[in-house]
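Per-entry structural report
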Amino acid sequence: MASLSLFSFFCMFSFLLGMAHAQLSPNFYASSCPRALSTIRTAVNNAVAKERRMGASLLRLHFHDCFVLGCDASILLDDTANLTGEKTAGPNNNSLRGYDVIDTIKSQMESLCPGVVSCADIVAVAARDSVVALGGPTWTVQLGRRDSTTASLSTANADLPAPTSDLDVLISLFSNKGFTTQEMVALSGTHTIGKAQCVKFRYRIYNETNIDAAFAKSKQKICPWTGGDENLSDLDETTTVFDTVYFKDLIEKKGLLHSDQQLYNGNSTDSMVETYSTDSTTFFTDVANAMVKMGNLSPLTGTDGEIRTNCRKING
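None of these values were measured; they are calculated from a predicted model.

1. Side note on the overall build of the chain
The secondary structure content of the chain amounts to 14 helices and two strands. Its C-alpha atoms give the chain a radius of gyration of 21 Å, within 12% of the compact-globule value 20 Å for 316 residues. Seen through its principal axes, the chain has C-alpha atoms that stretch 85 × 35 × 35 Å. Taken over 316 residues, the chain has a buried fraction of 49%. Taking as baseline every contact in the chain between residues at least 6 positions apart, the subset at least 24 positions apart corresponds to 75%. Of the accessible surface of the chain, which amounts to about 14,200 Å², a share of 54% is contributed by carbon and sulfur atoms.

As structure tokens, then:
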């Protein structure tokens, strides 16, 4: 009898341990919230139809979440007396957008199936649906992430690439997260959508030499040497369409950010940029695979973390 009890205890312990480290699955909500994915897709499509730039913002939100502590929705937490969030980190402050769209989707989820769909999964699915809405590739989003109860301002400042990053820094930062240089270039290609603030590219357009002169002059009209820090410029010439123009721009020395042009500057990544600039099929395949890999960065599963009722604060 004692042996049987010990065996039962071992089985229960093993089950709980497995639950705590459960694997993600694309069918995670098939029974618990079958309308979750279609509801998220509709909300994203509506948001992008209202403002095309929102697609890029939701994609960037996912990236900035996953690169800090993993894909756990820590980026969504507001500061409180007991918690300093990541929203005021250098790469995020007055720059990240889309929080209100996530709030709207979360409210819909709580009406459909309370306490079931995590904020982290909403962010991951919204990123994919945003890319599709702008003409880009789709991919299968693995689901079952749970939400963190903490955040890290210091990690956000240290681990996220800056628009001033050189190629070796970009390779290192992505390598630290398990990405190859090829995957880093593919993920950088998501800059084919969206905009950047003047303060992020001012130095490049006035001081750097690996830039098309007419392009630099056109951007100086948007971004004066003093003032206008938040003035916006498109990241590529077709900023509301997910395509390969970003890479074509790099070849013409029309990368807006210093970190962008570093991918095509007489270095090891030049050939990758050239391939993607003429082969949208390869780019779409590679970026989709890299996005799946990014979505798998250190997720909380099983009994780790929680399912937040409000994405901006921990429960209770």
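2. Some remarks on the UniProt feature "binding site: Ca(2+) 1" (unreviewed entry) in the chain
The sites that UniProt annotates as "binding site: Ca(2+) 1" (unreviewed entry) are Asp 65, Val 68, Gly 70, Asp 72, Ser 74 and Glu 86. For the annotated residues, spread through 22 residues, the largest C-alpha to C-alpha distance comes to 12.8 Å, consistent with a single compact locus. Mapped onto the secondary structure, Val 68 falls in the loop between α3 (53–66) and α4 (99–112). Apart from residues lying up to four places away in sequence, Val 68 is in contact with Ser 74, Glu 86, Ser 152, Thr 155, Ala 156 and Leu 160. Along the polypeptide, Asp 72 turns up in the loop between α3 and α4.

3. Concerning the state of the cysteines
Structurally, a disulfide amounts to a covalent bond that connects the sulfur atoms of two cysteines. Taken as a whole and judged by the stated rule, the model has four disulfides. Shown here is the disulfide that connects Cys 66 with Cys 71, its sulfur atoms set 2.0 Å apart. Across the S-S bond linking Cys 66 and Cys 71, the dihedral sits near 120°, which makes this disulfide right-handed. Residue class for Cys 66 comes out buried when judged on its relative accessible area of 2%. With its bonded cysteines labelled in order along the sequence, the chain shows the pairing 1-4, 2-3, 5-8, 6-7.

4. Details of unusual backbone geometry
Positive phi is not limited to glycine here, since Ala 73 has a value of about 65°. Inspection of the secondary structure assignment puts Ala 73 in the loop between α3 and α4. The class for Ala 73 is buried, based on a relative accessible area of 0%. Phi at Ser 298 is positive, roughly 45°, even though this residue is not glycine. Inspection of the secondary structure puts Ser 298 in the segment after α14 (280–295).

5. Looking at the UniProt feature "domain: Plant heme peroxidase family profile" (unreviewed entry) in the chain
Mapped onto this numbering, the UniProt entry gives "domain: Plant heme peroxidase family profile" (unreviewed entry) at residues 23–315. A distance of 24 Å separates the end C-alpha atoms of residues 23–315, which is 47% helix and 2% strand.

6. Things to note about the pattern of salt bridges
The tally for this structure, following the rule as stated, stands at 14 salt bridges. With a shortest N-O distance of 2.7 Å, Asp 129 and Arg 128 are connected by a salt bridge. What you see here is one network of salt bridges that share partners, running through Asp 78, Lys 87, Asp 103 and Arg 312.

7. Considerations on the confidence of the model for the chain
Averaged over the chain, the pLDDT score is 94; the fraction of residues at 70 or greater is 93%. Across residues 1–21, confidence stays below pLDDT 50; counting only partners more than four residues off in sequence or on other chains, it has eight contacts.

8. Notes on the nonpolar core
Counting 71 residues, the largest nonpolar core has Leu 76, Ile 102 and Leu 263 as its most contacted members. Of all the elements, helix α5 (residues 119–133) adds the most residues to this core, at nine residues. If we ignore the near neighbours within four places in the chain, the residues touching Ile 102 are Leu 58, Leu 61, Leu 76, Ile 122, Val 123, Ala 126 and Cys 311. In terms of nonpolar packing, the next biggest core, distinct from the first, is built from eleven residues, Cys 198, Ala 216, Cys 223 and Leu 256 among them.

9. Some points on the environment of Val 101
Checked against the element boundaries, Val 101 lands in helix α4. Taking relative accessible area as the criterion, Val 101 reaches 11% and is therefore assigned buried. The spacing of Val 101 and Val 44 is 57 residues in sequence and 7.7 Å in space, taken between C-alpha atoms. For Val 101, the residues in contact, after removing those within four places along its chain, are Ala 47, Met 54 and Leu 58.

10. Structural notes on the packing of aromatic side chains
The final tally for this structure, using the stated rule, is 14 aromatic pairs. Taking the centre distance of 5.0 Å and the plane angle of 80° together, the rings of Phe 247 and Phe 283 count as edge-to-face. Here Phe 283 lies in helix α14 and Phe 247 lies in helix α11 (residues 245–251), a separation of 36 residues in the sequence. Phe 283 carries the same exposure label as Phe 247, and that label is buried. A connected cluster of aromatic rings, assembled from ring pairs, spans Phe 242, Tyr 246, Phe 247, Tyr 276, Phe 283 and Phe 284. Across the ring face of Tyr 99, the terminal group of Lys 87 is positioned such that the distance to the ring centre comes to 4.2 Å. Just above the ring of Phe 67 sits the side chain of Lys 177; from NZ or CZ to the centre is 5.8 Å.

Rules used in this analysis
- Residues numbered from 1 in each chain as written.
- Predicted model: local features only at pLDDT ≥ 70, side-chain atom pairs only at ≥ 80, totals over all residues.
- Heavy atoms only, no water.
- Helix = DSSP H or I, 4+ residues; strand = E, 2+ residues; numbered from the N terminus.
- Rg over C-alpha atoms; globule rule 2.2 N^0.38 Å.
- Buried < 20%, exposed > 50% of the residue type's maximum accessible area, 1.4 Å probe, protein only.
- Contact = heavy atoms within 4.5 Å.
- Areas by Shrake-Rupley, 256 points an atom, 1.4 Å probe, with all protein chains shown as cover.
- UniProt positions renumbered as here; feature names shortened; annotations may be inferred.
- Disulfide = S-S within 2.5 Å.
- Salt bridge = Lys/Arg side-chain N within 4 Å of Asp/Glu carboxyl O.
- pLDDT = per-residue confidence, 0-100.
- Core = buried A, V, L, I, M, F, W, Y, C linked by side-chain atoms within 4.5 Å.
- Phe/Tyr/Trp six-rings, centres within 6.5 Å; stacked < 30°, edge-to-face > 60°.
- Lys NZ or Arg CZ within 6 Å of the ring centre and 35° of its normal.

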